[in-house]
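So you can see what is in the structure, the chains are spelled out below.
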Amino acid sequence: MLKPTNYLLLLALWVAFIQMAFGQQKLRIVASASMIADIATNIVGNGQSIETLVPVGGDPHLHEPTPSNARQVAEADLILINGLTFEGWITELIENSGTDAQVITATQGIDVLSSSTYANSADPHAWMDASNGILYATNIANALIELDPLEEDSYLRNLSAYTDRLNKLDTEIAAMVSTIPASQRVLVTSHDAFQYFGRRYGIRLEAIMGISTEAEAQTADIRRVSRAIRESNIPAIFIESTINPKLIQQIAQDNGVAIGGKLYADSLGDEKSEASTYIDMLRYNAETIVEALSSNDGLVEAPRQSFSWLLYMAVGVLMIICTLVFVRMMQS
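Residues numbered from 1 in each chain as written. Predicted model: local features only at pLDDT ≥ 70, side-chain atom pairs only at ≥ 80, totals over all residues. Heavy atoms only, no water.

## Quick word on the packing of helix H2 (residues 34-44) against helix H5 (residues 130-147)
- Running from amino to carboxyl end, H2 crosses H5 at an angle of 55°, the nearest separation of the two axes being 9 Å. Comparing the axis directions of H2 and H5 gives the class oblique. Handedness of the crossing formed by H2 with H5: right-handed. For the pair H2 and H5, the contacting residues are Ile36, Ile39, Ala40, Ile43 and Val44 in the first and Tyr136, Ala137, Ile140, Ala141 and Leu144 in the second.
- For the contact of H2 with H5, a count of residues per class yields ten nonpolar, no polar and no charged. (Axes fitted to C-alpha atoms, helices over the stretch in contact; angles between N-to-C directions. Helix = DSSP H or I, 4+ residues; strand = E, 2+ residues; numbered from the N terminus. Parallel < 35°, antiparallel > 145°, perpendicular 65-115°, else oblique. Left-handed = near helix turned anticlockwise from the far one by under 90°. Contact = heavy atoms within 4.5 Å. Nonpolar A, V, L, I, M, F, W, Y, C, P; charged D, E, K, R; others polar.)

Structure (structure tokens):
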């Protein structure tokens, strides 16, 4: 006959077996972009990895789904998307995959900004505001609890801890931005991805392209941005990690301002970068912006267009004088 202690031992082994068996059946979670995947990783915990459809450094606006993307979606239990036209390709991918996964739009409940360029078009870059990141995390936690109610306590604990970190970051960024001279709180970037950042922290945005990188820069946009640089005496403008920097570099050169650094908007940086997580990305962007816009010491040497015109005029006058002298000599 088994002793009571043996019964307890058998019960403990049985419970451990059940936990091990079911614990191995982890959820398959797929996120459209790296920012959303990182937020989800903080809520899931337990070392569970989240698959990402658009690789780090890729542009979700322009991404073309691959066969492996279709396989990821088809096998997923939960798919996390940004919505607001950020991933214009993802609806068709999900529909064609035949997946049974639950699809969650992480931007639910966010006070959405409209595009300043296109009527009835939403700005998808809501994650650029740290307080919105809390809503992303809450929506993801609610989806996980619905799909996996046995782990509710764990998800809620993780959400609470992550919310605290985002609240502190939100306060930190606001304090940093307040140190920029008011007249220089103008952020010039390649595409219009920082409007939520600007609304939250008090910076005016001037972008070359619209909210999607599919748009092409127009001459009028370049003139508008150049005028803003001159009128606000902006010391620096910024390139973005997922966009060719040539146009911004040319505008910087033409206007005699510095490149203030590289900002991350549509993707996190790689593991070796200072922006490898969502929180690190927001902090790094803020630090880079504040350092560059707070200083007037970083001006680059620009072409002195006024001197160039004077030189051309001088050469032209000299040619005219030489011509007149030559004609008079021929007549004499």
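## Description of the environment of Ala220
- With respect to the helices and strands, Ala220 occurs in helix H8 (residues 219-231).
- A C-alpha to C-alpha distance of 9.4 Å links Ala220 and Ile208, two positions twelve residues apart in sequence.

## A look at the environment of Trp127
- Locating Trp127 in the fold gives a position in the loop between strand S4 (102-105) and H5.
- Trp127 gets classed as buried once you look at its relative accessible area, which sits at 1%.
- A sequence separation of 17 residues divides Trp127 from Ile110, and the C-alpha atoms of the two residues are 9.9 Å apart.
- Discounting residues that sit within four places of it in the chain, Trp127 has contacts with Met35, Asn82, Phe86, Tyr136, Ala265, Asp266, Tyr278, Met281 and Leu282. (Buried < 20%, exposed > 50% of the residue type's maximum accessible area, 1.4 Å probe, protein only.)

## A look at the pattern of salt bridges
- Inspection of every chain in the model, using the stated rule, returns ten salt bridges.
- The partner of Arg283 in a salt bridge is Glu172, with the nearest N and O atoms 3.1 Å apart. Of this pair, Arg283 sits in helix H10 (residues 278-293) while Glu172 sits in helix H6 (residues 152-177), placing them 111 residues apart in sequence.
- Judged by relative accessible area, which is 29%, Glu172 ranks as partly exposed.
- Of the charged contacts in the structure, one is a salt bridge between Glu206 and Arg224, with a shortest N-O distance of 2.7 Å. Of this pair, Glu206 sits in strand S6 (residues 204-209) while Arg224 is found in helix H8, placing the two residues 18 residues apart along the sequence.
- Classification of Glu206 as buried rests on a relative accessible area of 12%.
- Taking relative accessible area as the criterion, Arg224 reaches 26% and is therefore assigned partly exposed.
- Via salt bridges that share partners, Arg204, Glu206, Asp221 and Arg224 belong to a single interconnected network. (Salt bridge = Lys/Arg side-chain N within 4 Å of Asp/Glu carboxyl O.)

## Things to note about the pairing of strand S8 (residues 258-263)
- In terms of strand pairing, strand S7 (residues 236-240) meets S8 through five bridges, oriented parallel. Paired with Glu240 across the strands is Leu263, a residue of S8.
- Handedness of the S7-helix H9 (residues 246-255)-S8 crossover: right-handed. (Pairing = 2+ DSSP bridges. Right-handed = clockwise from strand over helix to strand, strands pointing away.)

## Re the environment of Ile36
- Counting through the fold element by element, Ile36 comes out in helix H2.
- For the pair Ile36 and Ile50, spaced 14 residues apart in sequence, the C-alpha to C-alpha distance is 9.4 Å.
- The contacts of Ile36, once residues within four sequence positions are left out, are Ala31, Leu80, Ile81, Asn82, Tyr136 and Ile140.

## Some remarks on the sheet that holds strand S3 (residues 78-81)
- With parallel pairing, the four strands of this open sheet are ordered in space as S2-S1-S3-S4. Each of the sheet's edge strands pairs with one partner strand only, and the pair in question is strand S2 (51-52) and S4.
- Across four bridges, S3 lies against S4 in parallel orientation. Each residue of the ladder has a partner; that of Leu80, found in S4, is Ile104.

## A word on the packing of aromatic side chains
- Considering all chains together, one arrives at four aromatic pairs under this definition.
- Ring geometry for Phe194 against Phe197: centres 6.3 Å apart, planes inclined by 80°, an arrangement best described as edge-to-face.
- An aromatic cluster of at least three residues, connected via ring pairs, comprises Phe194, Phe197 and Tyr201. (Phe/Tyr/Trp six-rings, centres within 6.5 Å; stacked < 30°, edge-to-face > 60°.)

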